[in-house]
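# Structural description and commentary
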Amino acid sequence: MLEGAPCTFANVFARPRPPTRSQPRPFMNIFGLFERRVADAVQRLVEAGRVPAGIDVSRVLVEPPRDASHGDLATNAAMAIAKAARLNPRELAALIAADLETDPRIASVSVAGPGFINIALHPAVLHEVVRVALADPESYGRSGQGAGRSVNVEYVSANPTGPMHVGHGRGAVFGDALASLLAFAGFAVTREYYVNDAGAQVDVLARSAYLRYREALGEKIGAIPEGLYPGDYLKPVGATLADLHGRALLDKPEGEWLPTVRAAAIADMMTLIREDLAALDIRHDVFFSERSLAGGATDEIAATIAELRGRDLVYEGRLPPPKGQLPEDWEDREQTLFRATQFGDDVDRPLLKSDGSYTYFAADIAYHRSKFVRGFGRMIDVWGADHGGYVKRMTAAVTAVTAGQAELDVKLCQLVRLLRRGEPVKMSKRSGDFVTLREVVDEVGRDSARFMLLYRKNDATLDFDLAKVVEQSKDNPVFYVQYAHARIASVFRQAGRVVDPADADLSCLADETEIELQRRIAQFPRLVEAAAAAHEPHRVAFYLYELAGVFHALWNKGKDLPQLRFVKQDDEASTRARLALLGALKGVLAAGLGILGVSAPEEMR
RNA sequence: GGCUGCGUAGCUCAAUGGAUAGAGCGUUGCGCUUCGAACGCAAAGGUUGGGGGUUCGAGUCCCUCCGCGGUCGCCA
């Protein structure tokens, strides 16, 4: 990095990942398949003149029934369209049910409650799903949902001013899992990190590093002054500067040494952060420098503001002071404002500070414009909940700067409370006053850290208990899910063979828990689509936990009932069928864990 | 005060507008003399913070109130 170079941290664009397999396999999602089948049934009723034409079936759903005794599928079709069809729901349900009953894949249909249609599938349907899952575990559950469309997921984007803490870790793991989930659902995903290498904070970083530089040259620096970063992690930066520059930077005015020191410190901090991320197996495709926006060949921020001004979305004006307590240094002045209120924000937002430099927001607009220019019609930002007040203006800005052609979804991650055996952890270590992410990952391991940070909805606060997440017991969901995978691996080791799906007669699988396991496997593609559509990777974690629970229940049954054991010397047909089921299950567990970025071990150690 | 998220079993939390609101922990009872117990089975436990509205149907959507957190021009 050259001294005085406008860009202290170059934009890095990694080479694109191999295209995601997104071959649509309509059969893989039986819920989608039968949703279309129900719509067909309605269409036939239209053709038969039983219901009026032009009925909207978009609210018709086929889902797993709440109670397994109701069968394999349930649909709300009759209730959803009863009004438009001018029939009462039960009557309409009977008509639809009569049509469905003619389907060879359906064993029986019944109407229940206010008009639910419950469907029991012919067992062969679930058997086919298991075969598909077993035959190609790499692609089972993937879908054409994304249809190869580009999505940009921006996450972490922590300021390059020090090591990351656990809160950053949550956003990091969430964003990473969400990106994997979307890729699995057929989107072309780019993982991006916005490097805040401009602004006052990195100048503070530079001054802090400069102090360490003087220290490295033997000066007594005493206590770190208020307002500078005190952490020891800047000592190596100072030492490197001393090695590189000797005493050359010592007796110069700040204006001369600051760019050099700043660039070096930012580079070192980004290396530190990337190492912390690598410890969680997180790797971004793009690191985008904030400084590059204004400091490149063209000033992208100025260009963005000019463009908005041309459309009368930027003006000079005054803002009302904030309601409630007036800030002490409030000064009523005319400033350059973006008409955020035209796009749903509460007030218009300033683009220039009183010293004439750009606000963070101005740069952020240009940054999101850059995403659009680079081809992203879908953007997801993952932020800490403390930035919640920023959401409206950013979505407003994206709408404005893309003329409504792009959508932005901001996912806020709530606080993480770090505990040890239920007691809050508040230690003060080398990095200042917080526990670093790295310390946590080193203590509990990557898999536990990732799973537990995902085992909660993003907008709910999360308790992270250092003692609990390493426990090898049923209480620990990470262990519980991984252990299911390892147990299956152990069965295959004992059986000493793999199973050819074509080779197994799955009608041997007659136990209720064996059938339930097939149903759950069949729900995986639907779960992936729903989780991807909602941008909620935690659903995958909860699904896996329940799936593992059903498997462990089956295992435990085999303890009391030897005829349910997976490998039976005297019953080749059952053994093959069960190994096929387990093979499919193992694939789903591995795929789900893969989405979460958690390993699927062959044995527990 | 404005905006925003949350409020569900004793605790920690699930539940694309669907049926009798589910798990785990904890509690209680029963089982297991480990070769498939790094436990199993079962039970009890709820006015989904209060109130109103939309809907065939609301924990979920709308309004309002209460409580907790976050945030509130010139930080990022």
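Bear in mind that the values here come from a model prediction, so they are computed numbers and not experimental data. (Residues numbered from 1 in each chain as written. Chains lettered and ligands numbered in written order. Predicted model: local features only at pLDDT ≥ 70, side-chain atom pairs only at ≥ 80, totals over all residues. Heavy atoms only, no water.)

### Focus: helix α3 (residues 89-100)
Here α3 spans 16 Å end to end across twelve residues, near enough to the 16 Å set by a 1.5 Å rise per residue. Within the sequence span of α3, burial applies to Leu92, Ala93, Leu95, Ile96, Ala97, Asp99 and Leu100. Along its buried surface, α3 packs onto α1 (30-47), α2 (77-85), β4 (106-112) and β5 (116-121). Looking at where α3 begins, the residue whose side-chain oxygen comes 3.1 Å from the main-chain nitrogen of Arg90 is Asn88. (Helix = DSSP H or I, 4+ residues; strand = E, 2+ residues; numbered from the N terminus. Expected span 1.5 Å × (residues − 1). Buried < 20%, exposed > 50% of the residue type's maximum accessible area, 1.4 Å probe, protein only. Contact = heavy atoms within 4.5 Å. Polar contact = N/O pair within 3.5 Å; in protein donor to acceptor, adjacent residues only side chain to side chain.)

### A look at the sheet that holds strand β9 (residues 314-317)
On the basis of which strands lie adjacent, the open sheet formed by three strands has the order β9-β10-β11 and antiparallel pairing. Two strands in the sheet have a free side with no partner beyond their single neighbour: β9 and β11 (349-350). Each of β9 and β10 (335-338) is contacted by helix α10 (residues 300-310), which is oriented at about 85° to β9, the strand it contacts most. (Pairing = 2+ DSSP bridges. Axes fitted to C-alpha atoms, helices over the stretch in contact; angles between N-to-C directions.)

### Topic: the protein's contact with RNA strand B
Within the structure, RNA strand B sits among 62 residues, and Leu61, Arg66, Lys83, Phe116 and Lys559 are positioned closest to it. For RNA strand B, the fraction of protein-proximal atoms (within 4 Å) that sit in sugar or phosphate groups is 54%. The contact in question runs from a base oxygen of RNA strand B to an N or O atom on the side chain of Glu63, over 3.2 Å. At a separation of 2.8 Å, a base oxygen of RNA strand B approaches a polar backbone atom of Glu331. Those elements giving two or more residues to the surface near RNA strand B turn out to be α2, β5, α6 (200-216), α15 (477-495) and α17 (538-560). No other element matches α17, which puts eight residues into the surface near RNA strand B. A class-by-class count of the residues in the surface near RNA strand B yields 24 nonpolar, 15 polar and 23 charged. (Near = heavy atom within 4 Å. Nonpolar A, V, L, I, M, F, W, Y, C, P; charged D, E, K, R; others polar.)

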